[in-house]
There are 2 protein chains.
Amino acid sequence: MKRKFLMIAVTFATSLCAALPASAQFAKPEDAVKYRKAAFTVMGNHFGRISAMAQGKVPFDAAAATANAEIVAMMAALPFSAFPEGTSGTEKGTPKAKVWTERAKFDEGAKAMQAETIKLVAAAKSNNLDALKAAVGNTGKTCKSCHDSFRNE
Amino acid sequence: MKRKFLMIAVTFATSLCAALPASAQFAKPEDAVKYRKAAFTVMGNHFGRISAMAQGKVPFDAAAATANAEIVAMMAALPFSAFPEGTSGTEKGTPKAKVWTERAKFDEGAKAMQAETIKLVAAAKSNNLDALKAAVGNTGKTCKSCHDSFRNE
């Protein structure tokens, strides 16, 4: 079951990348900005719900953790096609120009995060709170790493 | 393959509804508003990409249509847990108070839309442009029906 989902998730992420090229998807740069912010909002919300379980703020519920982790993993595939050139900023929360001058590093960070979210699903499904805590920690590290490097704080 | 995905999608939507109760998910009403707008933004973007194919504005590509339709179907399950009481509005794009006074009808509309998005995935996978056009039309009707009744224009 776990392997089956992982396969589906990987297939999904791969086919998505193939089917949704990183350019020409947004008529205007502001459409890309709105879209990527929306995708991060949804992803962050569901990651937050799992983190709350990992932190003991809400009771651990493997089914809810799994449903949330699946959403996180799916959302993780989406925002990175929405960083067209010229959409950096200086305000809190906006991307630094480094996203484009160090694009390979940025893309690598995105891939690392996506990989951790797939492990997060497996951990949630394992119905083992310690495994979930570890996966939440590892996923969170990949989020933070990119934010520290590429996002204005 | 089609049936398999439909099964997965239905299972996903069902387990999601069971695992994500409609209350107590958002600390503040404005968090719910931000979340639901984000979910609709992502869904609308990917539905728009399929519509563009159906309308002949971009070449029909079954793989891309399928990837987009899967995102639409998954996003369709999300926003309706994020309509807590007291988050109606009067501005363009905000929900009317009717969402809460006629909640059963609103929920029924949401379910109808979710069902059409699952058929949209099947149509995209069928690699038949006429089937896709029909499914885009049917899905769009369920969007419009709720917008006409429940959204300030």
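The rules we used
Residues numbered from 1 in each chain as written. Chains lettered and ligands numbered in written order. Predicted model: local features only at pLDDT ≥ 70, side-chain atom pairs only at ≥ 80, totals over all residues. Heavy atoms only, no water. Helix = DSSP H or I, 4+ residues; strand = E, 2+ residues; numbered from the N terminus. Buried < 20%, exposed > 50% of the residue type's maximum accessible area, 1.4 Å probe, protein only. Contact = heavy atoms within 4.5 Å. Areas by Shrake-Rupley, 256 points an atom, 1.4 Å probe, with all protein chains shown as cover. Core = buried A, V, L, I, M, F, W, Y, C linked by side-chain atoms within 4.5 Å. 1 Å grid on protein atoms, 1.4 Å probe; cavity = no way out; pocket = protein on both sides within 12 Å on 5 of 7 lines; lining within 4 Å. Points joined across faces, edges and corners; volume = space filled by probe spheres on them. Nonpolar A, V, L, I, M, F, W, Y, C, P; charged D, E, K, R; others polar. Expected span 1.5 Å × (residues − 1). Polar contact = N/O pair within 3.5 Å; in protein donor to acceptor, adjacent residues only side chain to side chain. Axes fitted to C-alpha atoms, helices over the stretch in contact; angles between N-to-C directions. Parallel < 35°, antiparallel > 145°, perpendicular 65-115°, else oblique. Left-handed = near helix turned anticlockwise from the far one by under 90°. Salt bridge = Lys/Arg side-chain N within 4 Å of Asp/Glu carboxyl O. pLDDT = per-residue confidence, 0-100.

> Can you lay out the overall build of chain A for me, pointing to particular residues and giving the numbers?
Secondary structure summary: chain A contains 6 helices and 0 strands in total. Expressed as a percentage of its 153 residues, the buried residues of chain A come to 46%. A sequence separation of at least 24 residues applies to 73% of the contacts in chain A between residues at least 6 apart. For chain A, the exposed surface amounts to about 7,700 Å²; the carbon and sulfur share of it is 58%.

> With reference to specific residues and values, describe the nonpolar core.
Counting residues in each nonpolar core, the largest one holds 76 residues, and the members touching the most others are Val-42, Met-75 and Leu-120 of chain A together with Val-42, Met-75 and Leu-120 of chain B. If we ignore the near neighbours within four places in the chain, the residues touching Leu-120 of chain B are Phe-47, Ile-50, Ala-69, Val-72, Leu-132, Ala-135, Val-136 and Thr-139 of chain B.

> Explain the layout of surface pockets to me, and be specific about the residues and the numbers.
Residues and elements named next belong to chain B. There is about 1,200 Å³ of room inside the largest pocket. Lining the largest pocket are 42 residues, with Lys-37, Phe-40, Thr-41, His-147 and Arg-151 sitting closest to its centre. In terms of residues, the lining of the largest pocket owes the most to one element, helix α2 (residues 29-54), which gives 12 residues. Broken down by class, the residue content of the lining of the largest pocket amounts to 18 nonpolar, 15 polar and 9 charged.

> Explain helix α6 (residues 129-150) of chain B to me, using residue names and the numbers behind them.
Residues and elements named next belong to chain B. Compared with an ideal rise of 1.5 Å per residue, which puts 22 residues at 32 Å, α6 spans 31 Å between its outermost C-alpha atoms and is within 8% of the ideal. Leu-132, Ala-135, Val-136, Thr-139, Thr-142, Cys-146, Ser-149 and Phe-150 are the residues of α6 that are buried. Against the buried residues of α6 lie α2, α3 (62-76), α4 (98-101) and α5 (103-125). Capping the start of α6 is the job of one residue whose side-chain oxygen sits 2.9 Å from the backbone nitrogen of Asp-130: Asn-128.

> Residue-level account of the packing of helix α5 (residues 103-125) of chain A against helix α6 (residues 129-150) of chain A, with values.
Helix packing geometry: the angle between the two helix axes and the distance between the axes. Residues and elements named next belong to chain A. Packing of α5 against α6 leaves a shortest axis separation of 9 Å and a crossing angle of 165°. Classed by the angle they form, the pair α5 and α6 counts as roughly antiparallel. With respect to the hand of their crossing, α5 and α6 are arranged in left-handed fashion. Of the residues in α6, those touching α5 at Lys-105, Phe-106, Gly-109, Ala-110, Ala-112, Met-113, Glu-116, Thr-117, Lys-119, Leu-120, Ala-123 and Ala-124 are Ala-131, Leu-132, Ala-135, Val-136, Asn-138, Thr-139, Thr-142, Cys-143, Cys-146, Ser-149 and Phe-150. Counted by class, the contact of α5 with α6 contains 14 nonpolar, 6 polar and 3 charged residues.

> Residue-level account of the pattern of salt bridges, with values.
All names here are of chain A. In total, this model carries 10 salt bridges over all chains according to the counting rule given. Measuring nitrogen to oxygen at the nearest pair gives 2.6 Å for the salt bridge that ties Asp-148 to Lys-144. Taken together, the residues Asp-148 and Lys-144, both in helix α6 and 4 residues apart, mark about one turn of the helix.

> So, the confidence of the model for chain A: which residues are in play, and what are the values?
Residue and element names in this part refer to chain A. Summarising the model, chain A shows a mean pLDDT of 89, and 84% of its residues fall at 70 or more. For chain A, per-element mean pLDDT is lowest for helix α1 (residues 2-19), which scores 52, and highest for α6, which scores 98. What the predictor reports for the complex is a pTM of 0.89 with an ipTM of 0.88.

> Residues and numbers for the packing of helix α2 (residues 29-54) of chain A against α2 of chain B, please.
Remark: α2 of chain A packs on α2 of chain B, axes separated minimally by 8 Å, with the N-to-C direction vectors making an angle of 130°. On the basis of the axis angle, α2 of chain A is oblique to α2 of chain B. The two elements α2 of chain A and α2 of chain B meet at a crossing, and its hand is left-handed. Packed against α2 of chain A, whose contacting residues are Lys-34, Tyr-35, Ala-38, Ala-39, Thr-41, Val-42, Asn-45, His-46 and Arg-49 of chain A, the element α2 of chain B presents Lys-34, Tyr-35, Ala-38, Ala-39, Thr-41, Val-42, Asn-45, His-46 and Arg-49 of chain B at the interface.

> Any details on the environment of Gln-55 of chain A? Residues and values, ideally.
The residue Gln-55 of chain A is located in the loop between α2 and α3 (62-76) in this model. Along the backbone, Gln-55 of chain A and Lys-133 of chain A are 78 residues apart, and their C-alpha atoms lie at a distance of 7.7 Å.

> I'd like a rundown of the side chain of Glu-116 of chain B, residues and numbers included.
All names here are of chain B. Inspection of the secondary structure puts Glu-116 in helix α5. Glu-116 gets classed as buried once you look at its relative accessible area, which sits at 16%. Beyond its immediate chain neighbours, meaning those up to four positions away, Glu-116 contacts Asn-138, Thr-139 and Thr-142.

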